[in-house]
Amino acid sequence: MSDQNPYEKLGVSEDASFDEIQDARNRLMEQHIGDGKSTEVIEAAYDAILMDRLRMRQEGKIKVPERIRFPETRVQSLPKESPTKSEQSPAWLQRMLDRPTPTDVLLPGAWYLGLSAASVFYPATGDQVLQLALVVGVGISIYFLNRKEGKFGRAVLFTLLGLIIGLIVGGLVANWLLSQVAFINISSEQFSTVLTFILLWLVSSFLR
């Protein structure tokens, strides 16, 4: 049997159809159940025929049905990954937003927490303290932003925007809130300073 070609081993002619080859292979496998050596010979002959037909197809000599699959050419399609939120967001937003490490969040957070405490617990008349705290807060924001990308001008721009927005919004919210809640014993300047620190912390931690 070793001298036979793959077609003879399966008992089919060289012009047999794929259905005939498949039927012959299945019939022989049923006949030799439990005979490991024979089943190996049958499988090898079947694979050899498939590879021969593949070669003939590549040479344009035959047309292989689409349902015939060759192990050597079987390609597993990779599952399509659903786009993440960052991939769905605009490119300009992706360039601005950062994925900070815990250190990038906690370290500036500790600084701004200390500055907020100093601003609140100093007397309301201590305007110099508030001004000094704001200067230090601006410097901290510029430092941490510049450390990420090394773009000093960008760091200054984002920090100044955060400072301006924080002071304006903080002042507006403070005037309304302090007029509604009598037990808050801080001035509007102190409140807007703390709100500014929160905004600067967000800027320095989550922007780049």
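If you're wondering where the values come from, they're calculated on a predicted model, not measured in any experiment.

## Describing the overall build of the protein
A count of helical and extended segments in the protein gives nine helices and zero strands. Reading the protein from its N end, one meets helices and strands in the order α-α-α-α-α-α-α-α-α. Within the protein, the proportion of its 208 residues that are buried is 30%. In the protein, the proportion of contacts linking residues at least 24 apart, taken out of those at least 6 apart, comes to 64%. As displayed, the protein has an accessible area near 14000 Å², and 60% of this comes from carbon and sulfur atoms.

## Comments concerning a nonpolar patch on the surface
Side chains of Leu157, Leu160, Leu161, Ile164, Ile165, Ile168, Val169, Leu172 and Val173 sit close together on the surface and give an oily, nonpolar patch of about 780 Å² of accessible area. With respect to the helices, strands and loops of the structure, Leu161 is situated in helix α8 (residues 152-180). For Leu161, a relative accessible area of 42% puts it in the partly exposed group.

## Quick look at the environment of Phe152
One can find Phe152 in helix α8. Judged by relative accessible area, Phe152 falls into the exposed class, the value being 52%. It is 7.4 Å that separates the C-alpha atoms of Phe152 and Ile142, two residues lying 10 residues apart in sequence. For Phe152, the residues in contact, after removing those within four places along its chain, are Ile142 and Asn146.

## Details of the pattern of salt bridges
All told, the structure shown has three salt bridges when counted by the stated rule. Note that Arg25 and Glu43 form a salt bridge whose closest N and O atoms lie 2.5 Å from each other. With Arg25 in helix α2 (residues 18-31) and Glu43 in helix α3 (residues 36-58), this pair connects stretches of sequence that are 18 residues apart. Here Asp104 ties to Arg147 by a salt bridge, and the two come within 3.4 Å at their closest N and O atoms. A residue pair is termed long-range when its members are at least 10 positions apart, and Asp104 in helix α6 (residues 102-121) and Arg147 in helix α7 (residues 127-149) qualify at 43 residues. For Asp104, a relative accessible area of 18% translates into the label buried.

Conventions and cut-offs
Here, residues in each chain are numbered from 1, in the same order as that chain's written sequence. For this predicted model, a pLDDT threshold of at least 70 governs which residues receive local features, and a threshold of 80 or more governs which side-chain atom pairs are given and counted, while totals over whole chains, interfaces and linings are taken from all residues. Derived side-chain values reflect all non-hydrogen atoms in the structure, with water molecules and hydrogen atoms excluded from consideration. Secondary structure elements follow DSSP: runs of H or I no shorter than four residues count as helices, runs of E no shorter than two count as strands, and numbering proceeds from the N terminus. Relative accessibility thresholds used throughout: buried, under 20% of the residue-type maximum; exposed, over 50%; partly exposed, between the two (1.4 Å probe, protein chains only). The contact criterion used is simple: two residues touch if any of their non-hydrogen atoms lie within 4.5 Å. Throughout, the Shrake-Rupley method with a 1.4 Å probe supplies accessible areas, and for residues the shown protein chains are the sole cover considered. A residue counts toward a patch only above 30% relative accessible area and without a salt bridge, and it is joined to like-charged neighbours within 9 Å or, for Val, Leu, Ile, Met, Phe, Trp and Tyr, to nonpolar neighbours within 5 Å. Criterion for a salt bridge: a side-chain nitrogen of Lys or Arg within 4 Å of a carboxyl oxygen of Asp or Glu.

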